[in-house]
Amino acid sequence: MKKITIAIDGFSSTGKSTLAKQLAKELEYVYVDTGAMYRAVAYFAMQHNLIGVDFFEKEALIASLPKIQLEFKFNSDLGFAEMYLNSENVEKQIRTIEVSNFVSTVAAVSEVRSKLVEQQQEMGKNKGIVMDGRDIGTVVFPDAELKIFMTASAETRAQRRFDELQQKGNNVTYEEVLKNVVDRDHMDTHREDSPLVIADDAIEIDNSYLNKEEQFAAVLELINDVVKNA
Ligand code: DC
């Protein structure tokens, strides 16, 4: 079957990565979580005291970019790839609320974006890839054969994120998570470089009231149509 590029964009906690992982498994495609890459850069900035509640050493972070090496390594026990920052597995560290609070600031830096976009384009050059993020259908792969844009209400998304964080033992309140979701939506849609927008040719899916199975079935049907006509 012909391999295509599948771009999945949308707001935070809309289940992009769950859908992308399901699709990659079903189609035997490579899955790339680009949010993990921005999170790893934010984590690096935190570790090196370049970002905090009331400061951001943007120029110092830009100067450090050549020292940031990002890599995905497939974990066959988990069935997906984990994020490595300078050879350290940071999969757990990058999912904390602290990293979530700083990541949009770091992701607004053009130099950070161009470094990561270049790496993402390289990963997808042979197609057969499902990539999720905010700018995949608009900037990384504007020619992707299938573009999906996922949305859900902020409250639905905050509840999902809150449940996930609680399960992992993170001590946060629902209000804190909702504030993070709303703040990130604002920053991601208002930044100057590659703001989160829906591509003209993207198919929008609001999954506030769709379960994972219904969503998966609907998207597989879309893929079959695209592949038939590709
Ligand atoms: O998908 P996520 O919530 O893990 O993404 C974390 C942040 O990274 C998100 O708030 C915005 C940013 N991001 C981005 O700017 N561009 C991408 N392609 C992916 C994520």
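Anything mentioned here points back to the structure above.
Residues numbered from 1 in each chain as written. Predicted model: local features only at pLDDT ≥ 70, side-chain atom pairs only at ≥ 80, totals over all residues. Heavy atoms only, no water.

Participant: Looking at this structure, how should I read the packing of helix 1 (residues 16–27) against helix 9 (residues 212–229)?
Facilitator: Helix packing for two helices is described by the angle between their axes and how far apart those axes are. Viewed as axis vectors pointing N to C, helix 1 and helix 9 meet at an angle of 55°, and their least axial separation amounts to 11 Å. Between helix 1 and helix 9, the crossing angle belongs to the class labelled oblique. In this structure, helix 1 meets helix 9 at a crossing whose hand is right-handed. Packed against helix 1, whose contacting residues are T18, L19, Q22, L23, E26 and L27, the element helix 9 presents K212, Q215, F216, V219, L220 and I223 at the interface. For the contact of helix 1 with helix 9, the class distribution of residues is seven nonpolar, three polar and two charged. (Axes fitted to C-alpha atoms, helices over the stretch in contact; angles between N-to-C directions. Helix = DSSP H or I, 4+ residues; strand = E, 2+ residues; numbered from the N terminus. Parallel < 35°, antiparallel > 145°, perpendicular 65-115°, else oblique. Left-handed = near helix turned anticlockwise from the far one by under 90°. Contact = heavy atoms within 4.5 Å. Nonpolar A, V, L, I, M, F, W, Y, C, P; charged D, E, K, R; others polar.)

Participant: I keep staring at the sheet that holds strand 10 (residues 203–206) and nothing clicks. Help me out?
Facilitator: Backbone-to-backbone hydrogen bonds join strands into a sheet, with any given pair of strands oriented parallel or antiparallel. In space, the five strands of this open sheet follow the order 2-8-1-9-10, with parallel pairing throughout. Taken across any chain shown, the strands that pair with only one partner, and hence form the sheet edges, are strand 2 (30–33) and strand 10. Across the sheet, the mean angle separating the axes of adjacent strands is 20° when strand polarity is ignored. Examined bridge by bridge, strand 2 and strand 8 (residues 129–133) share four bridges and lie parallel to one another. Following the sheet pairing, D33 is matched in strand 8 by D132. In the packing of helix 2 (residues 34–47) onto the sheet, the strands contacted are strand 2 and strand 8, and the crossing angle to strand 2 comes to about 40°. The strands touched by helix 9 are strand 1 (5–10), strand 9 (146–151) and strand 10; relative to strand 9, the strand with the most contacts, the crossing angle is about 160°. (Pairing = 2+ DSSP bridges.)

Participant: Would you take a moment to explain the site of the ligand for this structure?
Facilitator: Not every one of the 15 residues close to the ligand is listed here, only the nearest: R39, R113, D135, R184 and R191. Between the ligand and S104 there is a distance of 3.2 Å, counted from an oxygen atom to a side-chain nitrogen or oxygen. Within the side chain of R134, an N or O atom sits 3.0 Å from an oxygen atom of the ligand. Protein chains shield 96% of the accessible area of the ligand, which is 450 Å² for the free molecule. (Near = heavy atom within 4 Å. Polar contact = N/O pair within 3.5 Å; in protein donor to acceptor, adjacent residues only side chain to side chain. Areas by Shrake-Rupley, 256 points an atom, 1.4 Å probe, with all protein chains shown as cover.)

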